Amino acid sequence: MNIFWHELKAYRKSTITWSVSLIAIMVLFMSIFPTFAKDAADFTKLLEGYPESLRTALGMNLDNLFTLLGFYSYSLTFIVLIGAIQAMNIGVSIVSKEVREKTADFLLTKPVTRTTIVTAKLSAAFVSLVLTNIVYGAAALLMASQVKLEDYSLQTFVLLSLSLLFVQLIFLALGIVISVVVRKIKSVLTVSLATVFTFYFIGMIGGTADQESLRYFSPFKYVDTAYILQNSSYETIYLIVGAALIVIAIAVSYIVYSKKDIHAV
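The structure reproduced in this document is the subject of the present report. (Residues numbered from 1 in each chain as written. Predicted model: local features only at pLDDT ≥ 70, side-chain atom pairs only at ≥ 80, totals over all residues. Heavy atoms only, no water.)

### Quick look at the nonpolar core
(1) Moving on: Met26, Tyr72, Tyr136, Phe171, Leu172 and Phe220 are the most contacted members of the largest nonpolar core, which totals 76 residues.
(2) Moving on: Element by element, the count of residues in this core is highest for helix H6 (residues 68–100), at 17 residues.
(3) Moving on: Those residues in contact with Tyr136, other than ones at most four positions away along the chain, are Leu22, Ile23, Met26, Tyr72, Leu76, Ile79 and Leu164. (Core = buried A, V, L, I, M, F, W, Y, C linked by side-chain atoms within 4.5 Å. Buried < 20%, exposed > 50% of the residue type's maximum accessible area, 1.4 Å probe, protein only. Helix = DSSP H or I, 4+ residues; strand = E, 2+ residues; numbered from the N terminus. Contact = heavy atoms within 4.5 Å.)

Take a look at the structure:
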């Protein structure tokens, strides 16, 4: 329990920073929605000049882009990207920071098992992401109520917002695997950015080329905002794939970490 609170305290500043960053991006997008919606005809003509494949890759659906939910789903393309970097950053640093900061020998000599250590660290990371999403979700709802031009489905709005947490949990799990598999990570941010943007571009390529099979290789595509807007639900198959990926990644992390030789100095 002491490890959990210590880790949660360590994440405090970064949690606040990432939460503020996500909210700032959301506010920036949503604040221009009223003007954007009022000039829908002009913007439609402008956007029609862009290739359809590019609009698809960027999440621009002209059929609903000028509604609050449609515009919000477009802004989530960038918000989820930032959130994924946050989650990946936490995941990669969970174990690697002990080696990087040369505190692993101190931690591992304590009367606790490695399983307990990983569980405490993972729990703190999960709570950090949940707190980020609670604060972000509340801010998003407040902002939507201020800029809406007509009524919208609250259920759909919440489902769109929760897609951030779902993607973050996947990248958190992937980050943990990297953290325990790679012997020494010199720069957490470099690894996080490289991994996240690789999956992001795979998703964009899949959207541009209209390759459904590529969706399985990019967590960003496990949540299709267009599908949510139309059905007010998630795609079951991708929820299952995402959940399975999380479970497998965490299980592998426990197994590898419990047997890994850790050199602190």
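Read on, since the account is not over.
### Quick notes on the packing of aromatic side chains
(1) Moving on: Inspection of every chain in the model, using the stated rule, returns 17 aromatic pairs.
(2) Moving on: Here the aromatic rings of Phe33 and Phe71 are separated by 5.6 Å at their centres, their planes lie at 45 degrees, and the arrangement is tilted. Of the two residues, Phe33 is situated in helix H3 (residues 33–38) and Phe71 in helix H6; the sequence distance between them amounts to 38 residues.
(3) Moving on: On the accessibility criterion, Phe71 (2% relative accessible area) is buried. (Phe/Tyr/Trp six-rings, centres within 6.5 Å; stacked < 30°, edge-to-face > 60°.)

### Observations regarding the environment of Val241
(1) Moving on: Here Val241 is to be found in helix H12 (residues 236–259).
(2) Moving on: Judged by relative accessible area, which is 23%, Val241 ranks as partly exposed.
(3) Moving on: A sequence separation of 25 residues divides Val241 from Tyr216, and the C-alpha atoms of the two residues are 7.9 Å apart.
(4) Moving on: The contacts of Val241, once residues within four sequence positions are left out, are Tyr216 and Tyr222.

### Here we look at the pattern of salt bridges
(1) Moving on: The full count for this structure, using the stated rule, is three salt bridges.
(2) Moving on: Of the charged contacts in the structure, one is a salt bridge between Asp151 and Lys148, with a shortest N-O distance of 4.0 Å.
(3) Moving on: Taking relative accessible area as the criterion, Asp151 reaches 72% and is therefore assigned exposed.
(4) Moving on: Since its relative accessible area comes to 37%, Lys148 is described here as partly exposed.
(5) Moving on: Across the salt bridge formed by Glu235 and Arg215, the nearest N and O atoms sit 2.7 Å from each other. You can see Glu235 sitting in the loop between helix H11 (225–231) and H12 and its partner Arg215 sitting in the loop between helix H10 (188–209) and H11, a full 20 residues away along the chain.
(6) Moving on: Take Glu235: its relative accessible area is 15%, and that puts it in the buried class. (Salt bridge = Lys/Arg side-chain N within 4 Å of Asp/Glu carboxyl O.)

### A short note on unusual backbone geometry
(1) Moving on: Positive phi, close to 55 degrees, is recorded for Ser232, a residue that is not glycine.
(2) Moving on: Under the relative-accessibility criterion, Ser232 is labelled partly exposed at 23%.

### Re the packing of helix H2 (residues 12–31) against helix H8 (residues 114–147)
(1) Moving on: At a minimum axis separation of 9 Å, H2 and H8 run at an interaxial angle of 20 degrees. By the angle between their axes, H2 is roughly parallel relative to H8. The handedness of the crossing between H2 and H8 comes out as right-handed. In this structure, H2 uses Thr15, Ser19, Leu22, Ile23, Met26, Val27, Met30 and Ser31 to contact H8, whose residues at the interface are Ser128, Thr132, Val135, Tyr136, Ala139, Ala140, Met143 and Val147.
(2) Moving on: Here the contact of H2 with H8 is composed, by residue class, of 11 nonpolar, five polar and no charged. (Axes fitted to C-alpha atoms, helices over the stretch in contact; angles between N-to-C directions. Parallel < 35°, antiparallel > 145°, perpendicular 65-115°, else oblique. Left-handed = near helix turned anticlockwise from the far one by under 90°. Nonpolar A, V, L, I, M, F, W, Y, C, P; charged D, E, K, R; others polar.)

### Regarding H2
(1) Moving on: With 20 residues, H2 ought to run about 28 Å at 1.5 Å a step, and its terminal C-alpha atoms sit 28 Å apart, in line with that.
(2) Moving on: Restricting attention to buried positions, one finds in H2 the residues Thr15, Trp18, Ser19, Leu22, Ile23, Met26, Phe29 and Met30. The arc that holds every buried residue of H2, seen down its axis, measures 130 degrees, which confines them to one face. Residues of H2 that are exposed and angled more than 90 degrees away from the buried face: Lys13, Ile16, Val20 and Leu28. (Expected span 1.5 Å × (residues − 1). Arc of directions from axis to C-beta.)

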